[in-house]
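Summary of the model geometry
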Amino acid sequence: MERVEQVGQAGTVEQVALDDTDLAIVRELQTDGRLTYETLAQRVGLSRPATRMRAQRLQESGAVRVVAIVHPAVRSLSASAHLAIDTRGAAAPVAREIAALPQAPFVTLTSGRRAIMTELRTAGFGELERTIEHIRALPGVRTVDPLIATRHVKDPYLLAEEPTVALQDAMDERILAELEEDGRLPFAELAGRVGLSPGATRSRTLRLLDGGVAKVVALVRPEVLGMGYLCGFSLRVAGEAAAVAERVAGFARVTFLSTCLGRAELVGTITAESFGAVRATLEEMRALPAVREVESWLHLELIKERYDLGPRTA
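In short, a report on the structure. All values reported here derive from a predicted model rather than from experimental measurement. (Residues numbered from 1 in each chain as written. Predicted model: local features only at pLDDT ≥ 70, side-chain atom pairs only at ≥ 80, totals over all residues. Heavy atoms only, no water.)

Concerning the environment of Leu18
Note the threshold: Secondary structure counts use DSSP, requiring at least four H or I residues in a row for a helix and at least two E residues in a row for a strand, with both numbered from the N terminus. To sort residues, take the accessible area from a 1.4 Å probe on protein chains only and compare it with the maximum for the residue type: under 20% means buried, over 50% means exposed, and anything in between is partly exposed.
Within the fold, Leu18 resides in strand β2 (residues 13-18). Residue class for Leu18 comes out buried when judged on its relative accessible area of 0%. When the C-alpha positions of Leu18 and Ala287 are compared, they lie 37 Å apart, and in sequence the two are 269 residues distant.

The structure is reproduced here in structure tokens:
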């Protein structure tokens with residue numbers, strides 16, 4: 001049985017116990033966050049009321065958020081980078097400043113050469129350059145070492161295929177904005193929020209989801225699944241990076257991987273159940289003939305992870 005900390009309204013820390021059935025619910029919602037309670041109940045072997053109660057408890061605990069992830073092309077997010085940041089003095093206040101930026105969906109405090117790692121996703125390279133310069137100018141920032149992403153090889157929060165439909169109007173955007181906050185909103189409640197009939201809301205929502213504009217998934221704290229050890233890494237490789245990228249992306253514990261330009265050709269994340277598993281995965285990478293250098297760091301504290309980015313303008 002896993003246990004996850006929940007911070008209560010009064011600031012106290014509670015312990016929420018998760019059994020195998022809870023974990024089964026989480027995994028189903030990671031695949032399809034809008035599964036009906038009836039379908040979810042059938043898959044995990046519980047009654048509908050019991051399944052509903054457990055799913056709601058998981059969301060209320062903060063261990064799981066079910067949200068819509070909108071395709072980057074819809075948000076015009078065509079550029080991204082991974083920044084390694086060193087600071088003068090304490091790193092946590094700087095990390096919180098960076099986390100306040102809408103262009104930064106992922107910010108952590110890390111061990112290793114740099115104190116902070118962050119990912120940026122922006123509407124073009126012009127905005128990417130401006131955002132990096134803004135971060136360089138923040139009080140307490142000593143150095144910023146960027147890796148410019150060229151291709152996302154493996155990303156649990158990125159829709160791989162291009163959308164087959166386009167947004168029709170501002171109403172579609174309103175529907176997406178609501179689902180980005182709560183991906184399991186019933187159609188009737190969603191209709192009330194956007195001002196359409198339930199039938200029209202259902203039709204528009206399914207068009208957007210089926211057309212690849214967005215997908216609804218569960219964002220899960222790794223420790224909930226017994227995978228609470230996060231390690232970032234960068235690889236220098238000999239020759240073309242594509243073949244090495246495909247090999248590394250096939251490693252089960254590598255949950256994110258991108259090719260990039262800068263001090264390394266690949267950058268990624270290992271999500272594992274123990275330090276031993278992290279070490280074993282790093283050793284697998286070192287054993288690849290084309291890998292020349294492996295740099296790694298531990299993610300000590302997750303400051304921000306929010307890939308459900310709202311409407312953006314350049």
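Things to note about the sheet that holds strand β4 (residues 79-87)
Counted only if it meets this: Paired strands, as defined in this entry, are two strands with at least two bridges between them according to DSSP. Lines fitted to the C-alpha atoms define the axes, with helices restricted to the stretch that makes contact. Angles between their N-to-C directions range from 0 to 180 degrees. Pairs of residues are marked as contacts when any of their non-hydrogen atoms sit within 4.5 Å.
The strand order around the closed barrel formed by eight strands is β4-β6-β5-β12-β9-β11-β10-β7, and the pairing between neighbours is antiparallel. Across the sheet, the mean angle separating the axes of adjacent strands is 35° when strand polarity is ignored. Of the pairings in the sheet, the one linking strand β5 (residues 106-110) to strand β6 (residues 116-122) comprises four bridges and is antiparallel in character. Its bridge partner lying in β6, Thr108 is registered against Met117. Packed onto the sheet, helix α5 (residues 125-136) meets β4, β6 and β7 (141-154) and runs at close to 150° relative to β7. In the packing of helix α10 (residues 275-286) onto the sheet, contacts are made with β9 (229-237), β10 (254-261), β11 (266-272) and β12 (291-305), and the angle to β9 comes to roughly 10°.

Side note on the packing of aromatic side chains
Here is the rule we go by: The pairing test for Phe, Tyr and Trp rings, Trp by its six-membered ring, is centres within 6.5 Å, and the orientation test on the planes gives stacked under 30 degrees, edge-to-face over 60, and tilted for anything in between. We call a charge positioned over a ring when the NZ of a Lys or the CZ of an Arg lies within 6 Å of the ring centre and within 35 degrees of the ring normal.
Within the structure shown, the criterion is met by one aromatic pair. Note that Arg34 overlies the ring of Phe187, its terminal NZ or CZ placed 4.7 Å from the centroid. Over the aromatic face of Tyr37 sits the side chain of Arg184, whose NZ or CZ is 4.5 Å from the ring centroid.

Considerations on the state of the cysteines
Spelled out, the test is: The disulfide criterion is simple: two cysteine sulfur atoms within 2.5 Å.
Inspection of every chain in the model, using the stated rule, returns zero disulfides. Just so you know, Cys231 is unpaired, no disulfide at all, and the nearest cysteine sulfur is the one on Cys260, 15 Å from it. By relative accessible area, Cys231 is classed as buried at 2%. Overall, the relative accessible area of 6% leaves Cys260 in the buried class.

A short note on unusual backbone geometry
In this model, Ser76 sits at a positive phi of 60°, which is unusual for a non-glycine residue. Positionally, Ser76 belongs in the loop between β3 (64-70) and β4. For Ser76, a relative accessible area of 45% puts it in the partly exposed group.

Observations concerning the nonpolar core
As a reminder of what qualifies: In this text, buried Ala, Val, Leu, Ile, Met, Phe, Trp, Tyr and Cys residues form a nonpolar core when linked through side-chain atoms within 4.5 Å.
Counting 28 residues, the largest nonpolar core has Ile25, Val64 and Ile175 as the members making the most contacts within it. Secondary-structure elements contributing two or more residues to this core are α1 (20-31), α2 (37-44), α3 (48-61), β3, α6 (170-181), α7 (187-194) and β8 (214-220). Those residues in contact with Ile25, other than ones at most four positions away along the chain, are Leu40, Val44, Thr51, Arg54, Ala55 and Leu58.

Focus: the side chain of Glu295
Within the element layout of this structure, Glu295 appears in strand β12. Residue class for Glu295 comes out buried when judged on its relative accessible area of 17%. When neighbours within four sequence positions are excluded, Glu295 is seen to be in contact with Arg113, Gly232, Phe233, Ser234 and Arg263.

Brief notes about the pattern of salt bridges
To keep things clear, this is the line we draw: The term salt bridge refers to a side-chain nitrogen of Lys or Arg lying within 4 Å of a carboxyl oxygen of Asp or Glu.
The tally for this structure, following the rule as stated, stands at 22 salt bridges. Residue Glu295 is joined to Arg113 by a salt bridge in which the shortest nitrogen-to-oxygen separation is 3.6 Å. With Glu295 in strand β12 and Arg113 in the loop between β5 and β6, this pair connects stretches of sequence that are 182 residues apart. Notably, a salt bridge pairs Glu119 with Arg121, separated by 2.6 Å at the nearest N-O pair. Comparing Glu119 with Arg121, the two get one shared label, buried.

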